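Descriptive structure summary
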Amino acid sequence: METRNQPSYIDFIVIALYFIFVLGVGLYSSYRSKRSSVAGYFLASRKMHWVPVGASLFASNIGSGHFIGLAGSGAASGIGIAAFELNAIFVLMILGWIFVPVYMAAGVYTMPEYLRLRFGGQRIRVYLAVLALILYVFTKISADLYAGALFIQLALGFSGDEGLYGSILILLAIAALFTIAGGLTAVIWTDFVQTILMLIGAIILMVLSLNAVGGYNELIRRYMEESDPSPNATLYDKNQSCGAVPDNAMHLFRSIVPGESDLPWTGVIFGLTISSIWYWCSDQVIVQRVLASKNMCNAKGGCILAGYLKLLPMYLLVLPGMAARVLFTDRVACAHPDVCMEVCGSKTGCTNIAYAELVIRLMPVGLSGLLLAVMLAALMSSLTSIFNSSSTIFTIDIWTRFRKNPTDTELLIVGRVSVVVLLGVSILWIPILQGFKVSQLFVYIQQVSNYLSPPVTAVYLLAIFVPRTNEPGAFWGLMTGLILGLFRFVLEFSFPAPHCGFNEVDNRPEWIKRFLTDVHYLHYGIGLFVVTLIVTYGISLLTPPIDPEKLHRLTFWTKQSPLVREPIDDQQKIINAQAQQNQDRINQNKRQPQPPIMGWRKLLNCICGLNNEGSGEGSEEETNQPQLSPEEEAIAAAKFLDENKFWKRFVNGNAILLMTIGIFVWAYYA
């Protein structure tokens, strides 16, 4: 088992063929897509059916951070981390049946744009847009790059930084190429291809790892009884190994007594659901995929498909991580700083290398190249999704604050340039990530998210369900939650607990020690959520309400209203008037002959998907669409939510079946 298999030339051929194939799919879908309009680039012209939507939801969620993080947490503490995946099954149904109908009826491109329509003003929209971009850079991109860098370094045997940086830069460049050139259509179709690739590779490795340990039952027995590191690979604290397997490793529901478990059951049920609603129902990366659906049945079908796929990570990633601990105990489960530094370069533990160890040591020639390609696919899927969604947020929510009357061409170019800027920020993060060592990557991601996301969840739920909620209440609720979240965030990373067995003196003040130790981060998220609800609703009651005429198709109760929605404020009236003037100017330019575009501008327009005939102000098909009156637009928006009776019953039945299966899995492992 200890013989390391270095990738052969066959593995590199498999990786090269993968890149060629996926790049071909992305460029072909880019060529076929309507990239010359804002709707085409950012929402795939709302023509996607349920299969690519569901696959893209799954691929956007399962990045390389999941391969490394879920397997690593499985190796460290058992199946408890799978609760994050199984919880998503139910939250995806909330997305498809509650949130998406409101977003579709409102006709928005981004989530901050929805809050702009719902509450008025600009401060909430700009704050959430900036918060989203910050979270993308410091959790999603950083975690995925760290995981991808770790995997490539181990798999390819790089000892220096040059090869590592080169590989990451190539991945970033290809991911950016898909996004810049193709928009959401290319991203969704490449996600679809890479989802198939991820599932095939992960299933093969799961079978090989279970076979290597003697099957599922033998895996559980050996993990619980035979996977503690040897005495020379661990330190001890109070006569117990710091790398010991916890007694509750095979339970999803664990004790709520502080110090007895890493995931208390109350936090898993309530706190996890709160952060999951933020991620699945209000995060741009996820919701943008569903907004690209051609109708509501396809949107719900995509959510159902993603829900079925979310049943798999526990078996495809968590169990193989546990198998890696059984097979390579002293490497994966090391708890001695000197041993761990030699194995993976981290003093705090090496469980993050669990999945990479299986790929390197179990997979035969050719298949190891396929699994390496799978990891690269996961990294690229996540990055392309984040790049596309962040460019949408920057263009629609931030750029239009500075440019009051931008053309379609300007918005499309700004969207592409913003991807390049984000790419630069990502590259600057690489050396920082090299110095950032965490023993359980997935836990780090969840901690950061739970300090910042619960207030956003509270405001979105109130916006959807409580018409009385207004802008002052939402804004000050968000500010209160932000202050409390940053307070815990700063304390958590400024006063880290001593590592097990290091014989370090705990010099933290007693109140900080109790606060950080006794209040789990999921429980703190519940408190943040409740406080934000109270502050938001309380201030809303103390300030003037929003007129009902301004809430048509903006709440769950008015989503099918055919009435014309009055602008929320004078600023919205100005925005609507400018949009109409812009459309009139585009139509007038279309009717006038335009000089031919020559030289470098023609090449640039081709890459960006802009028209080379005329001004490039949107696609001809969209420009020639008849202009609807406000009354006709309102009726069309309401009718978009209509569903075929047969398919409505079909998706509802499938949703019930999926949740039943989810409840069974929860009960079986509870």
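Residues numbered from 1 in each chain as written. Predicted model: local features only at pLDDT ≥ 70, side-chain atom pairs only at ≥ 80, totals over all residues. Heavy atoms only, no water.

Turning our attention to the overall build of the chain. On a plain count of helices and strands, the chain comes out with 28 helices and 2 strands. Counting over 670 residues, the chain shows a buried share of 59%. Within the chain, contacts between residues at least 6 apart in sequence are counted, and of these 83% link residues at least 24 apart. Split by element, the accessible area of the chain, about 26700 Å² in all, is 65% carbon and sulfur. (Helix = DSSP H or I, 4+ residues; strand = E, 2+ residues; numbered from the N terminus. Buried < 20%, exposed > 50% of the residue type's maximum accessible area, 1.4 Å probe, protein only. Contact = heavy atoms within 4.5 Å. Areas by Shrake-Rupley, 256 points an atom, 1.4 Å probe, with all protein chains shown as cover.)

Bringing the state of the cysteines into the picture now. In the structure shown here, the tally under the stated rule is 1 disulfide. The disulfide partner of Cys334 is Cys340, and the gap between their sulfur atoms is 2.2 Å. On the sign convention where negative is left-handed, the bridge of Cys334 and Cys340, at about 130 degrees about the S-S bond, is right-handed. Take Cys334 and Cys340: they sit in the same class, and that class is buried. (Disulfide = S-S within 2.5 Å.)

If you check helix α13 (residues 313-327), its first and last C-alpha atoms are 20 Å apart, about what 15 residues at 1.5 Å a residue would give, namely 21 Å. Burial analysis of α13 places 14 of its 15 residues in the buried class, which makes it a mostly covered element. (Expected span 1.5 Å × (residues − 1).)

Let us look at the confidence of the model for the chain. Confidence along the chain averages 79 in pLDDT terms, with 77% of residues attaining 70 or more. Confidence, expressed as mean pLDDT per element, reaches its minimum in the chain at helix α2 (residues 38-43) with 45 and its maximum at helix α23 (residues 521-542) with 96. The low-confidence segment residues 613-623 (pLDDT under 50) makes 34 contacts with residues lying over four places distant or belonging to another chain. (pLDDT = per-residue confidence, 0-100.)

The next thing to look at is the pattern of salt bridges. The full count for this structure, using the stated rule, is 17 salt bridges. In this structure, a network of salt bridges that share partners links the residues Glu218, Arg221, Arg222, Glu225 and Glu226. (Salt bridge = Lys/Arg side-chain N within 4 Å of Asp/Glu carboxyl O.)

Attention now moves to the packing of helix α6 (residues 111-119) against helix α20 (residues 454-465). Here α6 crosses α20 at 50 degrees, and the two axes come no closer than 11 Å. The angle between the axes of α6 and α20 places the two elements in the oblique class. Remark: the crossing between α6 and α20 carries left-handed chirality. Where α6 abuts α20, its residues Met111, Pro112, Tyr114, Leu115, Arg118 and Phe119 lie against Val459, Tyr460, Leu462, Ala463 and Ile464. Of the residues that constitute the contact of α6 with α20, the class distribution is 10 nonpolar, no polar and 1 charged. (Axes fitted to C-alpha atoms, helices over the stretch in contact; angles between N-to-C directions. Parallel < 35°, antiparallel > 145°, perpendicular 65-115°, else oblique. Left-handed = near helix turned anticlockwise from the far one by under 90°. Nonpolar A, V, L, I, M, F, W, Y, C, P; charged D, E, K, R; others polar.)

This next bit is on the packing of aromatic side chains. Counted according to the given criterion, the structure contains 21 aromatic pairs. With a centroid separation of 5.3 Å and an interplanar angle of 75 degrees, the aromatic rings of Phe67 and Tyr355 are classed as edge-to-face. A residue pair is termed long-range when its members are at least 10 positions apart, and Phe67 in helix α4 (residues 64-77) and Tyr355 in helix α16 (residues 354-362) qualify at 288 residues. With relative accessibility at 2%, the residue Phe67 sits in the buried group. Since its relative accessible area comes to 0%, Tyr355 is described here as buried. (Phe/Tyr/Trp six-rings, centres within 6.5 Å; stacked < 30°, edge-to-face > 60°.)

Quick look at the environment of Leu17 now. Inspection of the secondary structure assignment puts Leu17 in helix α1 (residues 9-32). Note: C-alpha distance between Leu17 and Leu370 (353 residues apart in sequence) is 9.9 Å.

Below, the discussion takes up the nonpolar core. Ranked by size, the top nonpolar core spans 151 residues in total, and within it Leu95, Tyr114 and Tyr355 carry the most contacts. Setting aside its immediate chain neighbours within four residues, Tyr114 contacts Val102, Tyr103, Ala106, Val108, Tyr460, Ala463, Ile464 and Leu554. Core analysis: the second largest hydrophobic core is formed by 17 residues, Ala132, Ile141, Leu383 and Val419 among them. (Core = buried A, V, L, I, M, F, W, Y, C linked by side-chain atoms within 4.5 Å.)

The next thing to look at is a nonpolar patch on the surface. Taken together, the side chains of Tyr9, Ile10, Ile13, Leu17, Ile20 and Val365 define a hydrophobic patch exposed on the protein surface, amounting to about 640 Å² of accessible area. Among the structural elements, Val365 can be located in the loop between α16 and α17 (367-402). Of the residues examined, Val365 reaches a relative accessible area of 52% and is grouped as exposed. (Patch = residues over 30% accessible without salt bridge, like charges linked within 9 Å, V, L, I, M, F, W, Y side chains within 5 Å.)

Relative to the helices and strands, Thr234 resides in the loop between α9 (216-226) and β1 (236-237). If near-sequence neighbours (up to four positions away) are discounted, Thr234 is found in contact with Pro229, Ser241, Cys242, Gly243, Ala335 and His336.

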